[in-house]
Amino acid sequence: MIKNASILRKLEDDFIRSETMRPEEQSLQFLSAMWNEGVALGVLPPSDPWEGLDVDIRIAGILNSCLTKSLPD
């Protein structure tokens, strides 16, 4: 049971911040490796790049609307 949620929230925030801060070169190498893996699996490049775009746009709209609403503390 979590007794102090603020400490847990700070720990999570610190962890996320430390995991996401990467040098640009390392990020590009990671992206390149993921792309090569997708090509090797035969799922990249997509046969129809426009497929599913309408769903992505709808999801982005929903997420953006959630970001503009105030969050409870």
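Our subject is the structure that appears above.
I will try to describe carefully the structure that is included in this document. Just so we're clear, the structure is a prediction, and the values are computed from it rather than from any experiment.

### Brief notes about the pattern of salt bridges
Moving on, step 1. Counting across every chain of the model gives one salt bridge.
Moving on, step 2. Salt-bridge contacts for lysine 10 lead to aspartate 14; the nearest nitrogen and oxygen are separated by 2.9 Å. One end of the pair, lysine 10, and the other, aspartate 14, are both in helix α1 (residues 5-20), four residues apart, so they sit about a helical turn from each other.
Moving on, step 3. According to the relative accessible area criterion, lysine 10 is exposed, its value standing at 53%.

### Observations regarding unusual backbone geometry
Moving on, step 1. Going from leucine 44 to proline 45, the amide bond is cis rather than trans, its omega being -10 degrees.
Moving on, step 2. By the secondary structure assignment, proline 45 is in the loop between α2 (24-41) and α3 (53-68).

### Some points on α2
Moving on, step 1. Spanning 18 residues, α2 covers 26 Å between terminal C-alpha atoms, matching the ideal 26 Å at 1.5 Å per step.
Moving on, step 2. Backbone geometry just downstream of α2 places glycine 42 in the positive-phi region, at approximately 85 degrees.

### Concerning a nonpolar patch on the surface
Moving on, step 1. On the surface, Leu28, Phe30, Leu31 and Met34 cluster together into a nonpolar patch covering about 430 Å² of accessible area.
Moving on, step 2. Along the chain, methionine 34 falls in helix α2.
Moving on, step 3. With relative accessibility at 44%, the residue methionine 34 sits in the partly exposed group.

Quick notes on the rules
- Residues numbered from 1 in each chain as written.
- Predicted model: local features only at pLDDT ≥ 70, side-chain atom pairs only at ≥ 80, totals over all residues.
- Heavy atoms only, no water.
- Salt bridge = Lys/Arg side-chain N within 4 Å of Asp/Glu carboxyl O.
- Helix = DSSP H or I, 4+ residues; strand = E, 2+ residues; numbered from the N terminus.
- Buried < 20%, exposed > 50% of the residue type's maximum accessible area, 1.4 Å probe, protein only.
- Expected span 1.5 Å × (residues − 1).
- Patch = residues over 30% accessible without salt bridge, like charges linked within 9 Å, V, L, I, M, F, W, Y side chains within 5 Å.
- Areas by Shrake-Rupley, 256 points an atom, 1.4 Å probe, with all protein chains shown as cover.

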